[in-house]
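Spelled out from the first residue to the last, the chains are:
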Amino acid sequence: MDLSLIIDIESGHVRAALAVLKLSKENEWIGTPRHILYSVSVPISRTPHTVHEHLLIEMGRSLSKAVETAFKEGLRKIPKGKITSIHYVLSSPWIVTKTRCVKVNYPKKTAVTKKTIEKIVEAERIELQNAFIPNDVAGMVYDLTCIEQKIFEIKLDGYPVVHLAATNAGKTKPSSKHIPKKASELEVSFAVTMSSVGIVNQVQAIVEKVVRVKDQAFHSALLLLFASVRNVFDDAKDYIVAHVHGEVSDIILVNNNIYSLIASFPFGTSTFLRKSSQATDESERLMQSMLALHTSSSLHGDHHEKVSKAIDPVIRSWSTDLMSTISGARAGKSPFPNTIFLFAKDYHSHFERALRDVAGSMKLDIVPFKYETLLDMYALALEQIQHHE
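Definitions and cut-offs
Residues numbered from 1 in each chain as written. Predicted model: local features only at pLDDT ≥ 70, side-chain atom pairs only at ≥ 80, totals over all residues. Heavy atoms only, no water. Axes fitted to C-alpha atoms, helices over the stretch in contact; angles between N-to-C directions. Helix = DSSP H or I, 4+ residues; strand = E, 2+ residues; numbered from the N terminus. Parallel < 35°, antiparallel > 145°, perpendicular 65-115°, else oblique. Left-handed = near helix turned anticlockwise from the far one by under 90°. Contact = heavy atoms within 4.5 Å. Nonpolar A, V, L, I, M, F, W, Y, C, P; charged D, E, K, R; others polar. Expected span 1.5 Å × (residues − 1). Buried < 20%, exposed > 50% of the residue type's maximum accessible area, 1.4 Å probe, protein only. Pairing = 2+ DSSP bridges. Arc of directions from axis to C-beta. Polar contact = N/O pair within 3.5 Å; in protein donor to acceptor, adjacent residues only side chain to side chain. Phe/Tyr/Trp six-rings, centres within 6.5 Å; stacked < 30°, edge-to-face > 60°. Lys NZ or Arg CZ within 6 Å of the ring centre and 35° of its normal. pLDDT = per-residue confidence, 0-100.

## Let's talk about the packing of helix α1 (residues 52-76) against helix α3 (residues 197-208)
Point 1. Relative to each other, α1 and α3 sit at 30°, their axes nearing to 9 Å. Relative to α3, α1 is oriented roughly parallel. α1 and α3 meet at a crossing whose hand is right-handed. Facing L56, M59, G60, L63, S64 and V67 of α1, the residues of α3 in contact are I199, Q202, V203, I206 and V207.
Point 2. Here the residues of the contact of α1 with α3 sort into 8 nonpolar, 3 polar and no charged.

See below:
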């Protein structure tokens, strides 16, 4: 059985999963959900004062443990399983993803070819890459490399003629019967994901000590989530995807089924725990237990009031940061989406409640996902990629 090894590297955890991305008669027994057959999660040791270099070392240790466990324990549980591909799924701070929309006006009708598009995107990619300042990507900006490049819409004279899903497929799907070969105006919307050569090389070197295959690819976690959400919720056109993990929250704003903003801010699940611990003057371990009891309504009287009073302003600052980031990017250009797809590593109910509180009278439809669902969402998007190849 052909298996894909999915390496999910977040700000606070590394997960390794074995998945089937292509169904065949020999693995029909898997059932639904069919993608993920085995997974293991290893935390990345860090403190609020951990420097980038040390964080990179700790990530490497967690990655090594996760991959070795998946290879030894996971393959043992899967009859005739063989790893034939590796997919690295990276979140902040290990990558930076930027979106661009480029418009070109020609003095007369001009032929637009695939080569025309490639030249425009390549020029913009180089400009984006050169624009970064030190410490943008885990402190290692000087050796940035493009790990993923997605063209997701092309317009000729204002009409969308090519629509690409947020995958590596590279296949075009015409959205109109008549595709003009010449145009006076060309508009290209795309996303570029960059990381450090040092990070990419270290990750591959660690994994290849355990398993070596030719088929390897790097991906942005947010872009895979976007592809999966769009596939599962095909009626949704305007929404927000929020991925809360470790010390970071990654968000993507989608308007009219096209992402218009990709951003991150330094507040995640570990941040919430640490700040709540500081607010109550309790240890993080005790605070973790108190938050669990608070979530299940098992705290009463003074204890419940103490925890609520401490965590309310903390979680409110997260939702305020999220809303202000999105509002600033919108600048009144489009209506504020009333749907949020929320993926949170821990404390899901607290983040959901914070969003409802900050929304006030605005009707907000929050679609929560269990953290375990993330891997299935990634696998769904990766299966789409393989289907188009």
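## So, helix α2 (residues 114-131)
Point 1. In this model α2 runs 26 Å from its N-terminal to its C-terminal C-alpha over 18 residues, within 8% of the 26 Å that 1.5 Å per residue would give.
Point 2. On its buried face, α2 sits against β5 (96-111), β6 (144-156) and β8 (182-196).

## Side note on the environment of K65
Point 1. On the secondary structure map, K65 appears in helix α1.
Point 2. The class of K65 is exposed, set by a relative accessible area of 52%.
Point 3. Residues K65 and R15 lie 50 residues apart in sequence; the distance between their C-alpha atoms is 9.6 Å.

## Remarks on the sheet that holds strand β1 (residues 2-9)
Point 1. The mixed open sheet is built from 5 strands, whose spatial order is β3-β2-β1-β4-β9. For this open sheet the edge positions go to β3 (36-43) and β9 (215-220), each flanked by a neighbour on one side alone. When the angles between neighbouring strand axes are averaged without regard to direction, this sheet yields 20°.
Point 2. Bridge count for β1 against strand β4 (residues 82-90) is 8 bridges, and the pairing is parallel. The partner of D8 across the bridge, within β4, is V89.

## Description of α3
Point 1. Taking 1.5 Å per residue, 12 residues should reach 16 Å; α3 reaches 16 Å between its end C-alpha atoms and fits that length.
Point 2. Every buried residue of α3 is accounted for by I199, V200, V203, I206 and V207. Looking straight down α3, one finds that the buried residues subtend no more than 140° of arc, so they occupy a single side.
Point 3. Capping the start of α3 is the job of one residue whose side-chain oxygen sits 2.9 Å from the backbone nitrogen of G198: S196.

## A few points about the packing of aromatic side chains
Point 1. One pass over the structure, following the stated rule, counts 9 aromatic pairs.
Point 2. Plain terms: the ring middles of Y239 and F341 are 5.2 Å apart, the flat faces sit at 90° to each other, and that makes the pair edge-to-face. Pair noted here: Y239 is in strand β10 (residues 239-245) and F341 is in strand β13 (residues 339-344), with a separation of 102 residues, a long-range link. Neither residue differs from the other here; Y239 and F341 are each classed as buried.
Point 3. Sitting over the ring of Y371, R15 keeps its end group 4.1 Å from the ring centre.
Point 4. The ring of Y371 has K345 lying over it, and the distance from NZ or CZ to the ring centre is 5.0 Å.

## Quick notes on the sheet that holds strand β11 (residues 248-255)
Point 1. Pairing within the open sheet is mixed, and its 5 strands lie in the order β12-β11-β10-β13-β14. The two strands at the open ends of the sheet, each matched to only one other strand, are β12 (258-265) and β14 (365-369). Across the sheet, the axes of successive neighbouring strands diverge by a mean angle of 15°, strand direction being ignored.
Point 2. Pairing of β13 with β14 involves 5 bridges; the strand directions are parallel. Of the residues in β14, the one forming a bridge with L342 is P368.

## Details of the confidence of the model for the protein chain
Caution applies to low-pLDDT parts of the model: their predicted coordinates are not meant to be read in detail.
Point 1. Per-residue pLDDT for the protein chain has a mean of 83; in total, 85% of the residues score no lower than 70.
Point 2. Confidence drops under a pLDDT of 50 for residues 24-33, and excluding neighbours within four residues, the segment shows 9 contacts in the predicted structure.
Point 3. This model gives residues 163-179 a pLDDT under 50, and the stretch forms 40 contacts once residues within four places in sequence are excluded.

## Quick word on the side chain of R15
Point 1. Mapped onto the elements, R15 comes out in strand β2 (residues 13-19).
Point 2. Beyond its immediate chain neighbours, meaning those up to four positions away, R15 contacts I6, I7, D8, E10, V40, S41, Y371, E372, L374 and L375.

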